[in-house]
Amino acid sequence: MTILAFALAYSGFTAICLSMDKHHRQVWRRPMERATANVLRASGFVLLAAALVVCTASFPGSLGIVVWLGLLTAAGVPLVIVLPYAPRAAAAAAAWAPIAAVAFLAWA
Amino acid sequence: MISPEKAAAAQHSATRSVFRSMLGLHAWAGLTLGWISFLIFLTGTLAYFQPEITQWMQPELRQPPSTQHAVAMAIRRLTAVAPTASEWNIGLPGDRDPSLAISWRASDSDRLTGRELLNAATGEPVARRDTLGGRLFYSFHFTLMLPGIGYWIVGAAAMLMLVAVVSGLIVHRKILSDFFTFRPRHSPRRASLDVHNVTSLFALPFHVAIVYTGLVTLLFSYVPSILETAYPDDGRSFFREAFEPRAADTALPAHRGVALADLATTIYDITAAGHLVADLQIAAPNTEKTVVTIGLARIPSPTFATERNASAVANVYDSLYEFHLGRFADWPMRWLLFSSGLAGSAMIATGLLVWSLKRQERATSSAGRVGCFLVDRLNVAVIAGVMIAIAVFFLANRLLPLTLADRGAWELRCFFWSWAAAGLHAFLRPLRCAWREQLWALSVAFVAVPAVSGITTGRHLIVSAANADWLFIAFDVASLTVAAVAGATAWKLTRTTAHTTTHFDRIAAGVPGR
């Protein structure tokens, strides 16, 4: 389940990141609609919250929060480092990560 | 009466002055013991894998495929060397310790008559090499290898670190809009500052929690007077009162009187029930009356201490202490702690670099130049130097003759001498050359670590991959990653010097700007 929470955290951060104009331009090289930004930001926070739910459900007590915070670090830093080098790949990974995580959990 | 413009201006200048003083506080709190903090963070991060590093440094020992296999190997060896003994003892490998120890007692003796250490995979007796192993990082982390005074320096560094974390949050003005910003193609100073911000912010909860709990682990050493006043016996009775239930709770009941025929199934049941078999005592082996006693150990489970102790104080202390040591952590969690630790090390390293790059632009007075010279060179000596020394420590483990007396101490000497050499080099060469040459050396050294290890032990990456030997795979891949990052940085430094002489090159070359 940790891998799913990690994927959700990564997608969440990417969505929040791409809701900011300068990062949106980094990936798509054009400005975005106000509505798109709002949807991206809202879904980003929902995804981060979903990661927290997964963590608290799979670890006893306050440990879930500790794991969640650790996953936020592990997901956020690579995103920021990779973004300027491969913006499209970083964005695409955010779309595929949760699907891949669910597929992996179903297979394992 | 003050006009609204004046009030606004006064307000603005007050905010500016708070900002400026916080910036000064952040720079000096971060700088003063910054190199020490970097060393503490780096060695602490490695210490999350202390037993694993020790395992890598004792390649003679192997993890068995299963507990049953280890028991079978031990019994085979005991049958060969001590068939007539009145008692056999088998100490089985743990979760993070591969040593399989056997000992036996002859029928006419009441003491142990022989003992051996076995390779748990093959059952062959082995001589374990004398090495410091991962203990180097664990001890360095909180003593700096300076007995008596080291932990006071570590405590001071931790306090300054907390100050730097809080003041750093205040001085980061564009905290939200720069949250995801990293500009590697801008100036080195910009890029370093971005990495500093990102690694600080994303791992902020870890930094605060780890530094604070770090101070708590040494609480009784830092403020001993309260204990000494209330408990005249050096606080021994205090520890008994406060933490006694811990010991009683960790012991699990042994399985007694198991017949040899039922051994395999009993071990299977114990493992299935979520415990580890720690040791076996086999009385009257090779006879009709053979009886086995099975000692158990608990598998470390991902929980905090909260339900273990009677006392709330002990619970709080244990939780903070065990968080700091990552004792609750299973594998994914251990890697998370490790990566947060790396983020913390990167935060301090880039923070020191930013200080250096920023001051180089402005240094005009000679006093400023001496300070900048020191900071610049200490950055190379500490950041690149200690990593070279760590690589040399690993290489020494593989290359020093196995029969060398005091081998562990020699490894440590190699570590400190190579570090001293790197430090000297950092002060003697022009700044940019010092960085470039040390980064190349670092890269080469960490390519050499898996190469030399593969040649001397035969456990190279292909063999490890074929055997799913995850510990050796992880160690080799981690070494090569360090080599790649160091090599890429060195290459970038080499290339930019060759093509252009920008303002920043002049700065990095040690020439004061303007």
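This text goes with the structure placed above it.
Summary of the structure given here. (Residues numbered from 1 in each chain as written. Chains lettered and ligands numbered in written order. Predicted model: local features only at pLDDT ≥ 70, side-chain atom pairs only at ≥ 80, totals over all residues. Heavy atoms only, no water.)

## Remarks on the overall build of chain A
Okay, so step 1: The helix and strand tally for chain A stands at five helices and zero strands.
Okay, so step 2: Secondary structure of chain A in N-to-C order comes out as α-α-α-α-α.
Okay, so step 3: For chain A, the C-alpha radius of gyration of 14 Å lies close to 13 Å, the compact-globule estimate for 108 residues.
Okay, so step 4: Each of the 108 residues in chain A was classed as buried or not, and the buried ones make up 46%.
Okay, so step 5: Partitioning the contacts of chain A with sequence separation of at least 6, the portion at a separation of at least 24 is 70%. (Helix = DSSP H or I, 4+ residues; strand = E, 2+ residues; numbered from the N terminus. Rg over C-alpha atoms; globule rule 2.2 N^0.38 Å. Buried < 20%, exposed > 50% of the residue type's maximum accessible area, 1.4 Å probe, protein only. Contact = heavy atoms within 4.5 Å.)

## Some words on the nonpolar core
Okay, so step 1: Grouped together as the largest cluster of nonpolar side chains are 118 residues, with contacts concentrated most on Phe-38, Phe-180 and Phe-394 of chain B.
Okay, so step 2: Broken down by element, this core gets its largest block of residues, 14 residues, from helix H15 (residues 366-399) of chain B.
Okay, so step 3: Leave out the neighbours within four places in its chain, and Phe-180 of chain B touches Phe-13, Ile-16, Cys-17, Met-20, His-23, Leu-79 and Val-80 of chain A together with Phe-202 of chain B.
Okay, so step 4: Grouped together as the second largest cluster of nonpolar side chains are 24 residues, Ile-90, Leu-92, Leu-100 and Val-258 of chain B included. (Core = buried A, V, L, I, M, F, W, Y, C linked by side-chain atoms within 4.5 Å.)

## Considerations on helix H13 (residues 312-325) of chain B
Residues and elements named next belong to chain B.
Okay, so step 1: For H13, with 14 residues, the first-to-last C-alpha span of 20 Å sits near the 20 Å given by 1.5 Å per residue.
Okay, so step 2: Among all positions in H13, only Ala-314, Asn-315, Tyr-317, Asp-318, Ser-319, Glu-322, Phe-323 and His-324 are buried.
Okay, so step 3: Gly-326 sits one or two residues past H13 and shows a positive phi near 60°. (Expected span 1.5 Å × (residues − 1).)

## Topic: a positive patch on the surface
Okay, so step 1: A cluster of basic side chains, namely Arg-16, Arg-20, Arg-173, Lys-174 and Arg-362 of chain B, defines a positive patch on the protein surface.
Okay, so step 2: Relative to the assigned elements, Arg-16 of chain B resides in helix H1 (residues 4-32). (Patch = residues over 30% accessible without salt bridge, like charges linked within 9 Å, V, L, I, M, F, W, Y side chains within 5 Å. Areas by Shrake-Rupley, 256 points an atom, 1.4 Å probe, with all protein chains shown as cover. Salt bridge = Lys/Arg side-chain N within 4 Å of Asp/Glu carboxyl O. Lys, Arg positive; Asp, Glu negative; His and termini not counted. Charge placed at Lys NZ, Arg CZ, Asp CG, Glu CD.)

## Quick notes on the packing of helix H5 (residues 135-143) of chain B against helix H6 (residues 150-171) of chain B
All names here are of chain B.
Okay, so step 1: For the pair H5 and H6, interaxial distance at closest approach is 7 Å and the crossing angle is 70°. In terms of axis orientation, H5 runs roughly perpendicular to H6. On the side of H5, the interface is formed by His-141, Phe-142 and Thr-143, while H6 contributes Gly-150, Tyr-151 and Val-154. (Axes fitted to C-alpha atoms, helices over the stretch in contact; angles between N-to-C directions. Parallel < 35°, antiparallel > 145°, perpendicular 65-115°, else oblique.)

## Observations regarding the interface of chain B and chain A
Okay, so step 1: Opposite the 24 residues of chain B that make contact, chain A presents 26 residues.
Okay, so step 2: Buried surface at the junction of chain B and chain A, both sides included, amounts to about 2,100 Å², of which 79% is carbon and sulfur.
Okay, so step 3: Taken together, the connections running from chain B to chain A amount to one salt bridge.
Okay, so step 4: One salt bridge in this structure joins Asp-178 of chain B and Lys-22 of chain A, with 3.1 Å as the shortest N-O distance.
Okay, so step 5: Remark: the boundary between chain B and chain A carries five residue pairs in polar contact (both at pLDDT 80 or more). (Buried area = accessible area lost by both parts, 1.4 Å probe. Polar contact = N/O pair within 3.5 Å; in protein donor to acceptor, adjacent residues only side chain to side chain.)

## Some thoughts on the sheet that holds strand E5 (residues 275-283) of chain B
Note: strands within a sheet are paired through backbone hydrogen bonds, in either parallel or antiparallel orientation.
All names here are of chain B.
Okay, so step 1: Strand order across the open sheet formed by six strands is E3-E2-E1-E5-E6-E4, with antiparallel pairing between neighbours. What marks the edges here is a single partner per strand, and that holds for strand E3 (114-118) and strand E4 (255-259). Across the sheet, the axes of successive neighbouring strands diverge by a mean angle of 25°, strand direction being ignored.
Okay, so step 2: In terms of strand pairing, E4 meets strand E6 (residues 291-298) through three bridges, oriented antiparallel. Among the inter-strand pairings, His-255 is bridged to a residue of E6, identified as Ile-294.
Okay, so step 3: Each of strand E1 (87-91), strand E2 (100-105), E3 and E5 touches helix H4 (residues 67-81); the most contacted strand, E2, lies at about 35° to it. (Pairing = 2+ DSSP bridges.)

## With respect to the pattern of salt bridges
Residue and element names in this part refer to chain B.
Okay, so step 1: The final tally for this structure, using the stated rule, is ten salt bridges over all chains.
Okay, so step 2: Among the salt bridges present, the one from Arg-407 reaches Glu-411, with a minimum N-O distance of 3.2 Å. Of this pair, Arg-407 and Glu-411 are both found in helix H16 (residues 407-428), four residues apart, which corresponds to roughly one turn of the helix.
Okay, so step 3: Classification of Glu-411 by relative accessible area gives buried; the value is 0%.

Note that all results are geometric; they support no functional claim without further evidence.
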